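Fold and contact review
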Amino acid sequence: MNLGLYICFIFILYCFIGWLIEGLYSLATTKKFKKDGFLKTPLKPMYGIAMTILIIFHEVFDIYGVPMLFLLVLIPTAVEYISGYMLDHKFNKKYWDYSKIKYNIHGYACLKFSLYWIILTYIGLYLFQPMIRMAYISFENILSKIAILLFIIFICDVYITLKSYAKSNVKL
């Protein structure tokens, strides 16, 4: 298995799953499927980044047990904090604000949602990821090509998004 293509595949897959999770959460809490985000495509990179890092620690570096549970807390919370900070300070966008929730860190991360991430990443890593890995191995030839195509689309989306922000005088 080509590790680079596999990482590309899981990154894109979890970016899309993150977009779905956010949309369904919005639907459950506001009765509207919220589609907006930083990018134009239905991808939420912070989910892809967090899950890809966790999968690499788990599958490549063989980290299990308590150290993995620690990473299930640390990685998604750190990615959420950094993403929130960057979106706010570099692009003047605030997609979430936890400042009114107890135990928050500058409004970008909070204990309540960190607990949600622990549960979601645990389910993703231990319940769904083994099936996703087997499916990828079984259909690697086609899924690797799809992953390349979708990753190129993702890169184009990031480029177009950053270019549009540069035109609007946002400091990058």
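Read on for a plain summary of the structure. (Residues numbered from 1 in each chain as written. Predicted model: local features only at pLDDT ≥ 70, side-chain atom pairs only at ≥ 80, totals over all residues. Heavy atoms only, no water.)

By the element assignment, threonine 52 lies in helix H2 (residues 45-60). What threonine 52 contacts, discounting residues up to four positions off in sequence, is Ile7, Ile10 and Phe11. (Helix = DSSP H or I, 4+ residues; strand = E, 2+ residues; numbered from the N terminus. Contact = heavy atoms within 4.5 Å.)

This brings us to H2. Between the first and last C-alpha of H2 there are 21 Å, a value that for 16 residues agrees with the 22 Å anticipated at 1.5 Å per step. Listed in full, the buried residues belonging to H2 are Met46, Tyr47, Gly48, Ala50, Met51, Thr52, Leu54, Ile55 and His58. Taken together, the buried residues of H2 touch helix H1 (3-30), helix H3 (65-91) and helix H4 (111-138). A positive phi of about 55° marks aspartate 62, the residue just after H2. (Expected span 1.5 Å × (residues − 1). Buried < 20%, exposed > 50% of the residue type's maximum accessible area, 1.4 Å probe, protein only.)

This part takes up unusual backbone geometry. Its identity is not glycine, yet lysine 31 carries a phi of approximately 70°, on the positive side. Secondary-structure assignment places lysine 31 in the loop between H1 and H2. In this structure, asparagine 92 is a non-glycine residue whose phi angle is positive, near 55°. Within the secondary structure layout, asparagine 92 lies in the loop between H3 and strand S1 (104-105).

Where H1 contacts H2, the two axes come as close as 7 Å, and the packing angle between them is 135°. In terms of orientation, H1 lies oblique with respect to H2. The way H1 lies across H2 gives a crossing that is right-handed. Contacts between H1 and H2 pair Leu3, Tyr6, Ile7, Ile10, Phe11, Tyr14, Cys15, Gly18 and Glu22 from the former with Pro45, Met46, Tyr47, Gly48, Ile49, Met51, Thr52, Ile55, Ile56, Glu59 and Val60 from the latter. (Axes fitted to C-alpha atoms, helices over the stretch in contact; angles between N-to-C directions. Parallel < 35°, antiparallel > 145°, perpendicular 65-115°, else oblique. Left-handed = near helix turned anticlockwise from the far one by under 90°.)

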